[in-house]
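Coordinates in review
Residues per chain are reported as follows:
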Amino acid sequence: DTGVSQDPRHKITKRGQNVTFRCDPISEHNRLYWYRQTLGQGPEFLTYFQNEAQLEKSRLLSDRFSAERPKGSFSTLEIQRTEQGDSAMYLCASSRDSYNEQFFGPGTRLTVL
Amino acid sequence: AQSVTQPDIHITVSEGASLELRCNYSYGATPYLFWYVQSPGQGLQLLLKYFSGDTLVQGIKGFEAEFKRSQSSFNLRKPSVHWSDAAEYFCAVGASSNDYKLSFGAGTTVTVRA
């Protein structure tokens, strides 16, 4: 059990560019979550996967955001046409079925210039 | 929908002194409550959780929390703080043990002075 990993840890991009983040959950964890955390705030739920199925998306997740989890393993979060307001820490978490103990990765810090 | 309030944005405590962090939740039924800690550059680590049963919950690193339904609170305590406890602490609530959507408070930053 190596924990949840995220790549990259930091990303600086210019407004209007597309970015993609990757999350590798703990093996055998069926559930995978994405959260966004802005400065001075707690994490906010973005979306959730049960295996490969994306079961809910927050209204925070605009049409510029898309998440996938092919084959129910790793997940990617893509942001198209980034805006300065997208600057935040993007956190990934995973958990087993029937447990709500979510294990978090170190996050990807996005800065949009 | 459930929500969490952490009234204290920042707390400074001396090493060896006791610590209490406040958490108030809003939810109609029995909530599922969590405390996480986040150190700089690190992800969130679960300190403890409350699902049911004994209202005094023991966690890792010497932390404990008490669920008080009458006060809608789930305060975190530690009898003697170590310098390594300096971090940001988040209280979170889920609507059920199977709820995938945690709602977090804004966090409390703890500074430990020597």
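Please refer to the structure placed before this passage.
Because the structure is predicted, anything quoted here is derived from the model rather than measured.

The rules behind these values
- Residues numbered from 1 in each chain as written.
- Chains lettered and ligands numbered in written order.
- Predicted model: local features only at pLDDT ≥ 70, side-chain atom pairs only at ≥ 80, totals over all residues.
- Heavy atoms only, no water.
- Helix = DSSP H or I, 4+ residues; strand = E, 2+ residues; numbered from the N terminus.
- Contact = heavy atoms within 4.5 Å.
- Buried area = accessible area lost by both parts, 1.4 Å probe.
- Salt bridge = Lys/Arg side-chain N within 4 Å of Asp/Glu carboxyl O.
- Polar contact = N/O pair within 3.5 Å; in protein donor to acceptor, adjacent residues only side chain to side chain.
- Nonpolar A, V, L, I, M, F, W, Y, C, P; charged D, E, K, R; others polar.
- Core = buried A, V, L, I, M, F, W, Y, C linked by side-chain atoms within 4.5 Å.
- Buried < 20%, exposed > 50% of the residue type's maximum accessible area, 1.4 Å probe, protein only.

Moving on, we get to the environment of Arg 109 of chain A. Considering the arrangement of structural elements, one finds Arg 109 of chain A in strand S11 (residues 108-112). Along the primary structure Arg 109 of chain A and Arg 22 of chain A are separated by 87 residues, whereas in three dimensions their C-alpha atoms are 12 Å apart.

Attention now moves to the interface of chain A and chain B. The interface of chain A with chain B comprises 21 residues on the first partner and 21 residues on the second. Carbon and sulfur atoms supply 49% of the area that chain A and chain B bury against each other, a total of about 1,700 Å² over both sides. The tally of links between chain A and chain B comes to two salt bridges. The salt bridge involving Lys 101 of chain B is made with Glu 56 of chain A; its shortest N-O contact spans 2.7 Å. Across the contact surface, chain A and chain B share five residue pairs in polar contact (both at pLDDT 80 or more). Of all the secondary-structure elements, those providing two or more residues to the side of chain A that touches chain B are strand S4 (31-37) and strand S5 (44-50) of chain A. Here the side of chain A that touches chain B takes four residues from S4 of chain A, the largest share from any one element. Class assignment of the residues belonging to the side of chain A that touches chain B gives a composition of nine nonpolar, eight polar and four charged.

In this structure, Trp 35, Leu 48, Phe 74, Leu 76 and Tyr 89 of chain B are the most contacted members of the largest nonpolar core, which totals 26 residues. Taken together, the elements giving at least two residues each to this core come down to strand S2 (10-14), strand S3 (19-21), strand S5 (32-38), strand S6 (44-50), strand S8 (64-68), strand S9 (73-78), strand S10 (87-94) and strand S12 (108-113) of chain B. Sorting elements by how many residues they give to this core places S10 of chain B first, with four residues. Excluding anything up to four places from it in sequence, Tyr 89 of chain B contacts Gln 6, Leu 21, Trp 35, Tyr 36, Val 37, Leu 47, Phe 63, Leu 76, Gly 107, Thr 108 and Val 110 of chain B. Judged by nonpolar contacts, the second largest core, of 19 residues, contains Phe 65, Ile 79, Ala 88 and Cys 92 of chain A.

Looking now at the pattern of salt bridges. Opposite charge on two side chains makes pairing possible when the charged atoms of those side chains draw close. A full pass over the atoms with the stated rule returns nine salt bridges over all chains. Among the ionic pairs, Asp 86 of chain A bridges to Arg 64 of chain A, the shortest N-O distance being 2.8 Å. With a gap of 22 residues between them, Asp 86 of chain A in the loop between strand S8 (75-79) and strand S9 (88-95) and Arg 64 of chain A in the loop between strand S6 (53-57) and strand S7 (65-68) connect regions that are remote in the sequence. Across the pair, exposure class does not vary: Asp 86 of chain A and Arg 64 of chain A are buried alike. The closest approach of N and O atoms between Glu 64 of chain B and Arg 77 of chain B, which form a salt bridge, is 3.2 Å. Linking Glu 64 of chain B in strand S8 with Arg 77 of chain B in strand S9, this pair joins segments that are 13 residues apart in sequence. Counted as one network, the salt bridges with shared partners bring together Arg 64, Glu 83 and Asp 86 of chain A.

So, about the side chain of Gln 102 of chain A. Here Gln 102 of chain A is to be found in the loop between S9 and strand S10 (103-104). Within the structure, Gln 102 of chain A has its side chain in polar contact with the side chain of Tyr 35 of chain A (distance 2.8 Å).

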